[in-house]
Structures are given as structure tokens and as C-alpha cells.
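Next come the chains, spelled out residue by residue.
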Amino acid sequence: MTATVKQPGIPASFDPVDWNPPGLPSDPDEIVAHIVDPKTRGELYPLFHQLRRTAPMFKSGPVAKQHGAWIFSRFAEVDMLSRSPRVVNDPRVLDSAFNHGDGGFTSVMRNVLTWQPVEPHARMRNLIMTAFTPRAIDRWRPIAEQVAQELCDCIAADGHADLVEQYNYELPFNIIARILGIPESDYPRLKGYAWDFAQLGEARGVDPEAVQRGDDAARELIAYFGELAEKRRANMGDDLLSSLLAAEADGETLTHTELIANCIYLLQAGHETTQDMLGNAMVALFRHPDQLRLLIAHPELTQGAVEEFLRYDTSVQISHRIPLDPLRFDGMEVPEGGLLVSFAGAANRDPERFPDPDRLDVTRKISSHIAFSAGAYYCIGAALARTEMAAGLRALLDRFPAIRPAGEGFEWRPTLNLRGPQSLPVTW
Ligand code: HEM
């Protein structure tokens, strides 16, 4: 094991300001109520450990927001549910888990890959996958490296930055926007729409203003990608939108509505997730200064370290599914159509699967984690996300080897589906 060496200038404890949960409850509903509520959550992983210890699978009661769902927190079950071809995502999940009415947001979501019934999902996934070839990923790597260097150039002279706003957000947004073939002059307004759209994804229908803004943003995004698709149809390029327009598998193509909805989905899935993941990786390194120093000194560890960051604190924390047949577990039965909720972060810190799971170890050999799910819904952007993380982290650590937090603490975003720091002031 590597000895713990303090990175000069890093405070002794680099904790979120709301570190202390007021004692850990032992009732599983109460634990879940804390997990899903950013106001009472405190630190997430002690709650996940407590849940896995006390009720690794259970049907939630009225206390938890996930009322009536079957909740899983052990690696074995979460992995098995992800891989089972009879446990699926479909429009019923959208209705149970994300009840956002019938506005623009829902109309987009009804046409994206993830929320299709089984057969349309397989058809649409085959079509979209034709654009995510190893050759395409090889073409995207230099884009990721270039964007990372350009962003470092922008902040270098300042000597400090809010990493979330100026780097972690900008990096994946610029990469996916370039890959999709969006003209740079359109980035500012698209960022606004993308933000409002994403807010609705987390709002769970409780904030009418957020719902209105999210629906308006969805309509703007539909109009925007509709126009861009027309331009590309007349003049195809080597961008992802052109590849999706040309995508054909088994004599099928994407309909216009599917094309537009999935462009919006790729823009969203392609930046928020990675933004948060970069933030979680840097928070983890600041809390483990020995690992930060090791990674700065050994660039060859970067690829493996990316897997450890994904395991250690993933940005996509929740997966929803429904079983097509009744499921029987030790002491628990789930009927066909019951809502299943898997906590990926809890599974990725399961000591049965990962020894000493709370220790960040950038040299850890990981055979598989659940950060990108598994099976039929395995993240289409996983290879791109890995490339972006490696390029983004490497550029940052190589250019600013004395990087350290500029304050005593930080805050997490008040979200859970996606987890990441709200801001991360750093200096170097
Ligand atoms: C570190 C960053 C990322 C993480 C942690 C992540 C994680 C995930 C997870 C867990 C799923 C499965 C969702 C479920 O279980 O319902 C998923 C699906 C998906 N992801 Fe990612 N993702 C990341 C980056 C990306 C990027 C960069 C893209 C696209 C450019 C992308 C596109 C997708 C798509 C299209 C799906 C849906 C797959 C399907 O339904 O068949 N993701 N991702």
C-alpha cells in the first residue's frame, strides 16, 4: 500500500460542508429518505453502507420518495438485474419514476432510446450504435485532447478557477457539441436550453416553474435540431448527426422524431454525466492526496485510475427497471411490472465485491463495476466518456501539478440521479 503523503496546501480534511449526518438511522425507509433528500443526505456512502447492511433488498414504504419501489444496494443483485434480458426499461418506468406531465420534456423522453419497449429499444440501439464505431471513437480522441488543452490555456494565467464551471462542464459540453456538428456560435443558447432541460430531469414534477422552463427548453431543442438536421441532410458531414441521419440497420432507419429526440438525449447524456464524473474524480483525489501525487507522477496509471474513479464515486447513481416476469429473491417477491431501483454507488462500494471499498486506489485492478450499467442498456457513450475523462484529468494534472482546493470545503449538487460537486474552487 502507498503511504499517505499530504499534498502541500491541501487542508487536512477536505469534506463537504454538510458532512455530518445526524446519526445513521436503522430503518431502511428512513435511510432511503435521507439518501434521496439532499437537505438531509449529508455524506452519501455511510448511508449506502448502512442500507446494504440493514436491508440489501426491500420494498420501500411511504417514508421514501421511491414509495412502493423495490430497492437494491448489493453488487450481486444490481449486476444481475442490469444483465437480465427480462428486466427492462420501458415507458412504464418513465411514467412511474419521472412523472413530468405531457409537455415537451415528456414528448422527447418518450422517443429516446432508453425508454422504449424491448423490441423498439433493440432496433433503435442498433441504429445509434452504428455511429459509435471504434473508428469514430479514434476520431473523437484528438478532439477531446484538444478541447482539454484549450480549456487549460483559458484558465492557466489566472492561477485559480472554479473547476466545475470553467473546466468540468465546458470539457464534455464542447466535445459532444463538436462531435454532433453543432456550430460554435450556437453553444451559448444551447447551453441555456440544455441546463433547463436537465433541471426538469431532476425536479420530479414538484417545481412548476422548473417544469415550464424544462418544457420550453425541450421545444427549443426540438426546433434547433430539426433545423440542423435539415442542413445536414442537404450537406452531410463527418459529424455524429450526419452519421445518425445515415444510420441504417436491417433495412431500418431512425424516424425524424427519433433522430431529434436522440440528438437531444446524446447532448444531455454526453455532458452532464461526464462533468459530474470529472468533479467526483477530483474530489476523490483531493481527499486522497497520496493518490493525487501518484497519478501526477505516473501518467501511465491514468486509464486504470479512470475505472477506479467510476467505481469509487459514479455520477449516475440510480437505475430504474421493471421485470417482465415475477422475480423471486431470498424472502422477497417482486410482481411483473414492479418498479425496481438500483443504487449503483452502493453496489460499487460493496465490500463483497471490492475489498476495502472506501479506499481510493488508482492502481486497483477492477474486472467490472456498474457505473455504466451492464447488459442491454450498457452506456453507449462509455468509450467516449473514458476518453474524455482520461484526456481531461491528464491535461489538468500535467499542466497544473500543484493543483489543490482553494477553500476548506465544497458542496454537492442538490441532485441524486446525477451526483457531482456544485462548484470546486481550485488553485495551483
Ligand atoms: C462518465 C460518464 C457517464 C456515465 C457514468 C454514464 C452512465 C450511464 C448509465 C449508468 C447508463 C444506463 C442507464 C440505465 O440504467 O437506465 C447509461 C446509458 C446511456 N448513456 Fe451514458 N454515461 C456516461 C457518459 C455518456 C456519454 C458521454 C454519452 C453519449 C455521448 C452517453 C450516452 C448514453 C446513452 C445513449 C445511454 C442509453 C443506453 C440505452 O438505453 O441503451 N453516456 N449511461
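For clarity, every value in this text was computed on a predicted model and none was experimentally measured.

Draft legend 1. Fine view of the environment of Arg110. In this fold, Arg110 is placed in the loop between α6 (104-109) and α7 (118-129). Assessed through the 15 C-beta atoms surrounding it within 10 Å, Arg110 is described here as partly exposed. Along the primary structure Arg110 and Trp412 are separated by 302 residues, whereas in three dimensions their C-alpha atoms are 30 Å apart. The contacts of Arg110, once residues within four sequence positions are left out, are Pro91, Leu94 and Trp115.

Draft legend 2. Up close: the sheet that holds strand β12 (residues 425-427). Across the sheet, three strands lie side by side as β5-β12-β10; this open sheet has antiparallel pairing. Unpaired on one side and paired on the other, β5 (160-162) and β10 (404-405) mark the two borders of the sheet. Pairing geometry for β5 and β12, over three bridges, is antiparallel. Note that in β12 the partner of Asp162 across the bridge is Pro425.

Draft legend 3. Geometry of the pairing of strand β6 (residues 318-323). Here strand β4 (residues 87-88) runs beside β6; their pairing, made up of two bridges, is antiparallel. Bridge pairing links Val88 to Ile322 in β6.

Draft legend 4. Main features of the site of the ligand. Within the structure, the ligand sits among 25 residues, and Gly270, Thr273, Ser319, Cys379 and Gly381 are positioned closest to it. Of all the secondary structure elements, the ones that give two or more residues to the shell around the ligand are α14 (256-269), α15 (272-287) and α19 (382-399). When the residues that make up the shell around the ligand are grouped by side-chain class, the tally is 14 nonpolar, 10 polar and one charged.

Draft legend 5. Representation of the sheet that holds strand β2 (residues 57-59) within the structure. Strand order in this open sheet of five strands is β2-β3-β9-β6-β4, and the pairing throughout is mixed. In this open sheet, the two edge strands, each paired with only one partner strand, are β2 and β4.

Draft legend 6. A look at the pairing of strand β9 (residues 340-343). The alternating pattern of β9 places Leu340 and Ser342 on one face and Val341 and Phe343 on the opposite face, and all of these are buried. As paired elements, β6 and β9 share four bridges and run antiparallel to each other. Of the residues in β9, the one forming a bridge with Ser319 is Ser342.

Draft legend 7. The nonpolar core, seen in detail. Counting 116 residues, the largest nonpolar core has Leu180, Cys263, Ile264 and Leu340 as its most contacted members. At nine residues, α14 tops the list of elements feeding residues into this core. With residues near it in sequence (within four places) discarded, Leu180 still touches Asp239, Leu240, Leu241, Cys263, Leu266 and Leu267.

Draft legend 8. Fine view of helix α1 (residues 28-36). Here α1 lies mainly inside the structure; seven of its nine residues are buried. Along α1, the positions that sit buried rather than exposed are Pro28, Ile31, Val32, Ala33, His34, Ile35 and Val36. The inward-facing, buried residues of α1 contact α2 (38-41), α3 (44-54), β2 and β3 (70-72).

Draft legend 9. Focus on the packing of helix α12 (residues 208-234) against α14. In contact at an axis separation of 9 Å, α12 and α14 are set at 115 degrees when each is read in the N-to-C sense. Regarding the angle of α12 to α14, the classification is roughly perpendicular. Relative to α14, the crossing made by α12 is right-handed. Counting all contacts with α12, which are made through Leu221, Ile222, Phe225, Gly226 and Ala229, the residues of α14 involved are Leu259, Ile260, Cys263 and Ile264. When grouped by side-chain class, the residues that make up the contact of α12 with α14 number eight nonpolar, one polar and no charged.

Draft legend 10. Geometry of the confidence of the model for the protein chain. Summary statistics for the protein chain give a mean pLDDT of 89 and a share of 91% for residues scoring 70 or more. Contacts for the low-pLDDT stretch residues 1-9, under 50 throughout, to residues beyond four places or in other chains number 13 contacts. In this model, residues 16-21 is a region of pLDDT below 50 whose contacts with residues beyond four sequence positions or in other chains number 16 contacts.

Draft legend 11. Inspection of the environment of Ser82 at higher detail. Mapped onto the fold, Ser82 is located in helix α4 (residues 75-83). Sequence separation of Ser82 and Ser373 is 291 residues, and the distance between their C-alpha atoms is 6.3 Å. Discounting chain neighbours no more than four positions away, the residues touching Ser82 are Ser319, Ile370, Ser373, Ala374 and Gly375.

Scoring rules and cut-offs
- Residues numbered from 1 in each chain as written.
- Predicted model: local features only at pLDDT ≥ 70, side-chain atom pairs only at ≥ 80, totals over all residues.
- Helix = DSSP H or I, 4+ residues; strand = E, 2+ residues; numbered from the N terminus.
- Buried ≥ 20, exposed ≤ 12 C-beta atoms within 10 Å, placed from the backbone.
- Contact = placed C-beta atoms within 7 Å.
- Pairing = 2+ DSSP bridges.
- Near = placed C-beta within 6 Å.
- Nonpolar A, V, L, I, M, F, W, Y, C, P; charged D, E, K, R; others polar.
- Core = buried A, V, L, I, M, F, W, Y, C linked by C-beta atoms within 7 Å.
- Axes fitted to C-alpha atoms, helices over the stretch in contact; angles between N-to-C directions.
- Parallel < 35°, antiparallel > 145°, perpendicular 65-115°, else oblique.
- Left-handed = near helix turned anticlockwise from the far one by under 90°.
- pLDDT = per-residue confidence, 0-100.

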